[in-house]
Amino acid sequence: MTVFLDLPNELILYVLYHLDLPEYLAISLVHSRFHPLIKSSPYLQYRFASQVAGVTNNPYCDLITHKRSLILKDREDSWSQMTFDFETQISVGHASKLFLVTDGVCLVGDRSEAALHYFKLPSVADQPAIWNKFVLDEGLRVLDFDLAIYDNDLVAIATLRPSSTAPNIHFVEIQLLQFSTGHPHPQAHMPTLSVEETINLETIQISLQIAGQNISVATKIGEGDYFARLSVINWMTSTTQMTIAMPTLEIIFLSPTLLLVLNPRNAALDFYMIPSQTTISTDPIVPILSLSLPALEDTYHLDGLFCRSDLRIMPSVTPWSTKPFHTSEGHGILVIHMIVTNTRYFEHSFSMIVHRSSLVKLSSAIAEPPSKLPVTMEWETWGPSVTCWFETSGTDAIWTVVAEGQRCVMLERSDPDEHFDLMMLDFNPRNVGKLLDEQARKKAEDNEGDNDNDSEGGGVDQNEDYDYDQEKYQRFASVTDSWLSSPAFKDVVRSKLPNISISRRMDREFHGFLLDEERLINCVVSGLRYCLVDIRTNDEKRQ
């Protein structure tokens, strides 16, 4: 230690810059010299603030470190208090069930299913919404799409192409376009990927997701209890990494090589490792792990499991993003929606929140992938300590419970005639600990000022009220067990994932919400052909 302390400050800072936050917290207690040295370095302050917020620095952004730190602080403060710099409204005159917000872009299908329309979401109050569209070959029908702008300047569009020789045959294809130009992507070996052919046009379903160089393509043709087919394709080389049959279209990339399949047949979450290109085997691919969900009562049936979550991978070669930072890979949460019905067709819906990293950690504990049957874990073994549950019956949970990074937004009706409560949940463990520490100090100061006032409860749930712009906000930190009691489950569902909830009263009705790194997007659908988007954004004005 003496030799290290004799080094110049510049060399000590260089060494400290390679530490992560837990290591910094430990070394700052070793010697009094470290703490002021770290506090005086804008590089270290930004590095540790990024780790606390769960974001990754973008080396291609040309902002200096000090401005990056200010933008990050402004963003985190705004989200923690549910305050926004401006609001704007954008008319979306394209009616379609295909709607996606990601990477700072809103992408919408149209009634003809022949084109995709998009605009860049505003970051400043006077930024207009300029609509553009991707024009596809004549005769193509759009089925689904996904974006990976920050990763690879990529938009992947699943289309249906009629055969030129057989009138009843149609081909399912993936069009790989460069987002910035609308042209075939230059890094794709084949800009059009052929998936399969079909004669059943009315009941075809398809789901796309991009993670790095891999695209998952899940297709289901026909109604009823048919299996879907999942293919994972390297879009750069056009090679198929794996193909399996599965009971759902709902899959999530936990990492570029790890897939989570929501399995409603077995009421489970199944994990699959994506084989490398060099792996050749005739054995069927089986899950490496299967996590059971809470057991349902015998009179209830699991109708579906749903989730939408994009895996962001920071670009390593091409600088497609100019933002100073982005959500770190693996630091986000998943919101998994469960729909169940009983024999009288009464429906219940629930939302389960879990950290992506918790699921990756469970799968990484599997020492050797199984060859025939997956390793199974019962709900009580894995679930209560890493999840948080809510009942969302009476709402369209897929629209009213959405997540971005480690934050989640929920919509609750507090007054049937007038008001909605907008609740944002923050599952960042460091933010939870910070708020609890602040409130513990405040409580100690209050008790010290009034020794005759007996403290009540002694629990770890804490409340704090704010009043901004004459609107009431409430912050609530919880690290205690929560108990979800419903006739749909055999037992009470216990969960204990720490979180902060921030509530805000809404005086307008909305049909749902979308969320990205800096914006809350409120959606109102009027009739069948019109959608109004009310965007509230944290303005990165310092940029």
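Nothing here was measured: the structure is a model prediction, and the numbers come from that model. (Residues numbered from 1 in each chain as written. Predicted model: local features only at pLDDT ≥ 70, side-chain atom pairs only at ≥ 80, totals over all residues. Heavy atoms only, no water.)

Caption draft 1: Focus on the side chain of His117. You can see His117 is positioned in strand β5 (residues 115-120). Residue class for His117 comes out buried when judged on its relative accessible area of 11%. In this structure the side chain of His117 is engaged in a polar contact, spanning 3.1 Å, whose partner is the side chain of Asp110. (Helix = DSSP H or I, 4+ residues; strand = E, 2+ residues; numbered from the N terminus. Buried < 20%, exposed > 50% of the residue type's maximum accessible area, 1.4 Å probe, protein only. Polar contact = N/O pair within 3.5 Å; in protein donor to acceptor, adjacent residues only side chain to side chain.)

Caption draft 2: Layout of the nonpolar core. With 35 residues, the main nonpolar core has Leu269, Phe271, Leu359 and Trp382 as its most contacted residues. Once residues lying within four places of it in the same chain are set aside, the contact partners of Trp382 are Leu269, Leu291, Ser292, Leu293, Met352, Leu359, Leu362, Met377 and Thr387. If you look at the next biggest cluster of nonpolar residues, it comprises 21 residues, including Leu143, Ala156, Val172 and Ile210. (Core = buried A, V, L, I, M, F, W, Y, C linked by side-chain atoms within 4.5 Å. Contact = heavy atoms within 4.5 Å.)

Caption draft 3: Layout of the environment of Thr537. Mapping Thr537 onto the fold places it in strand β35 (residues 530-537). Of the residues examined, Thr537 reaches a relative accessible area of 0% and is grouped as buried. Separated by 412 residues in the primary sequence, Thr537 and Ala125 place their C-alpha atoms 8.8 Å from one another. Not counting the four nearest positions on each side in its chain, Thr537 is found in contact with Phe84, Asp85, Phe86, Pro122, Glu518 and Arg519.

Caption draft 4: Spotlight on the packing of aromatic side chains. A complete count under the given rule lists nine aromatic pairs for this structure. Note on Tyr118 and Phe179: the rings are 4.9 Å apart at their centroids and 50° apart in plane angle, and the pair reads as tilted. Placement of the pair is Tyr118 in strand β5 and Phe179 in the loop between β9 (170-178) and β10 (192-198), with a sequence separation of 61 residues. The class of Tyr118 is buried, set by a relative accessible area of 11%. Judged by centre distance (5.9 Å) and plane angle (85°), the rings of Trp389 and Phe489 are edge-to-face. Of this pair, Trp389 sits in strand β24 (residues 387-391) while Phe489 is found in the loop between β30 (482-484) and β31 (493-495), placing the two residues 100 residues apart along the sequence. With relative accessibility at 6%, the residue Trp389 sits in the buried group. Taking relative accessible area as the criterion, Phe489 reaches 3% and is therefore assigned buried. Among the aromatic residues, ring-to-ring pairing joins Phe350, Trp379, Trp382, Trp389 and Phe489 into one connected group. (Phe/Tyr/Trp six-rings, centres within 6.5 Å; stacked < 30°, edge-to-face > 60°.)

Caption draft 5: Expanded view of the sheet that holds strand β15 (residues 251-255). Here we have five strands laid out as an open sheet, ordered β15-β16-β17-β18-β23, and mixed in their pairing. At either end of the open sheet lies a strand with only one pairing partner, and these are β15 and β23 (375-377). Pairwise comparison of adjacent strand axes, ignoring direction, gives a mean angle of 20° for this sheet. Bridging between strand β16 (residues 258-263) and strand β17 (residues 268-273) involves six bridges; their strand directions are antiparallel. Along β17, the bridge assignment pairs Leu258 with Met273. (Pairing = 2+ DSSP bridges. Axes fitted to C-alpha atoms, helices over the stretch in contact; angles between N-to-C directions.)

Caption draft 6: The arrangement of the environment of Ser69 in detail. Of note, Ser69 is situated in helix α6 (residues 65-81). Classification of Ser69 by relative accessible area gives partly exposed; the value is 23%. As a C-alpha pair, Ser69 and Ala49 span 20 residues in sequence and 7.7 Å in three-dimensional space. Excluding its chain neighbours within four sequence positions, the residues that come into contact with Ser69 are Pro42 and Tyr46.

Caption draft 7: Region of the structure containing the pairing of strand β13 (residues 228-234). In terms of residue burial, β13 counts as a mostly covered element, since six of its seven residues are buried. Relative to β13, strand β12 (residues 214-221) runs antiparallel, the two sharing six bridges. Considered in β13, the bridge of Ile215 is made with Ile233. By the bridge criterion, seven bridges tie β13 to strand β14 (residues 239-246) in an arrangement that is antiparallel. Residue Ser231 lies in a different strand from β14, and its bridge partner there is Thr243. In this antiparallel pair of consecutive strands, β13 and β14, the connection spans four residues, and Ser238 shows a positive phi of 65°.

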